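# Results of the structural survey
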Amino acid sequence: MLETLSDFCPYCGERIELVVDCSIPEQSYIEDCSVCCHPMVVVVTATSEDLQLTLLREDEASIP
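This report concerns the structure included in the present document. Everything numeric here is computed off the predicted structure, so don't read it as measured data.

### Points about the side chain of Gln27
Assignment of secondary structure puts Gln27 in strand S3 (residues 26-32). Overall, the relative accessible area of 17% leaves Gln27 in the buried class. Looking at Gln27, its side chain comes within polar contact range of the main-chain oxygen of Asp21, at 2.7 Å. When residues no more than four places from it in sequence are discounted, the contact partners of Gln27 are Asp21, Val42, Val43 and Val44.

In structure tokens:
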């Protein structure tokens with residue numbers, strides 16, 4: 001199931017939209033900001049009740 005979520009880029013502060021696959025309960029990956037092109041870490045946590053999106057600067061996070 002795909003969802004469109006929006007949040008603010010941790011680099012430029014612009015609101016961006018991301019399409020995420022909510023059928024995966026926990027995921028993290030690197031995606032470039034569509035405005036400033038900086039790489040950011042996208043963390044998505046999906047439960048039956050809630051969907052959380054977190055965007056971090058690449059130098060602030062580590063992907064397991």
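### Points about the pairing of strand S2 (residues 15-21)
Side chains Ile16, Leu18 and Val20 of S2 all project onto a buried face; the interleaved residues Arg15, Glu17, Val19 and Asp21 project onto a face where none is buried. Inspection of the sheet shows strand S1 (residues 2-8) paired to S2 by seven bridges, in the antiparallel sense. Its bridge partner being in S2, Thr4 is matched across the sheet by Val19.

### Overview of the pattern of salt bridges
This structure, assessed with the given rule, holds one salt bridge. Among the salt bridges present, the one from Arg57 reaches Asp59, with a minimum N-O distance of 3.4 Å. Judged by relative accessible area, which is 29%, Arg57 ranks as partly exposed. Judged by its relative accessible area of 62%, Asp59 is exposed.

### Observations regarding the environment of Gly13
Here Gly13 shows up in the loop between S1 and S2. Classification of Gly13 by relative accessible area gives partly exposed; the value is 41%. Placed 16 residues apart in sequence, Gly13 and Tyr29 show a C-alpha to C-alpha distance of 19 Å.

### Some words on the sheet that holds strand S4 (residues 39-46)
A sheet is described by the order of its strands in space; here three strands give the open sequence S3-S4-S5, paired in antiparallel fashion. Every other strand in the sheet has two partners, leaving S3 and strand S5 (51-57) as the edge strands with one partner each. Here the average twist between neighbouring strands, direction ignored, is 20 degrees. In terms of strand pairing, S3 meets S4 through seven bridges, oriented antiparallel. Its bridge partner being in S4, Gln27 is matched across the sheet by Val44.

Reading the values: the criteria
Residues numbered from 1 in each chain as written. Predicted model: local features only at pLDDT ≥ 70, side-chain atom pairs only at ≥ 80, totals over all residues. Heavy atoms only, no water. Helix = DSSP H or I, 4+ residues; strand = E, 2+ residues; numbered from the N terminus. Buried < 20%, exposed > 50% of the residue type's maximum accessible area, 1.4 Å probe, protein only. Polar contact = N/O pair within 3.5 Å; in protein donor to acceptor, adjacent residues only side chain to side chain. Contact = heavy atoms within 4.5 Å. Pairing = 2+ DSSP bridges. Salt bridge = Lys/Arg side-chain N within 4 Å of Asp/Glu carboxyl O. Axes fitted to C-alpha atoms, helices over the stretch in contact; angles between N-to-C directions.

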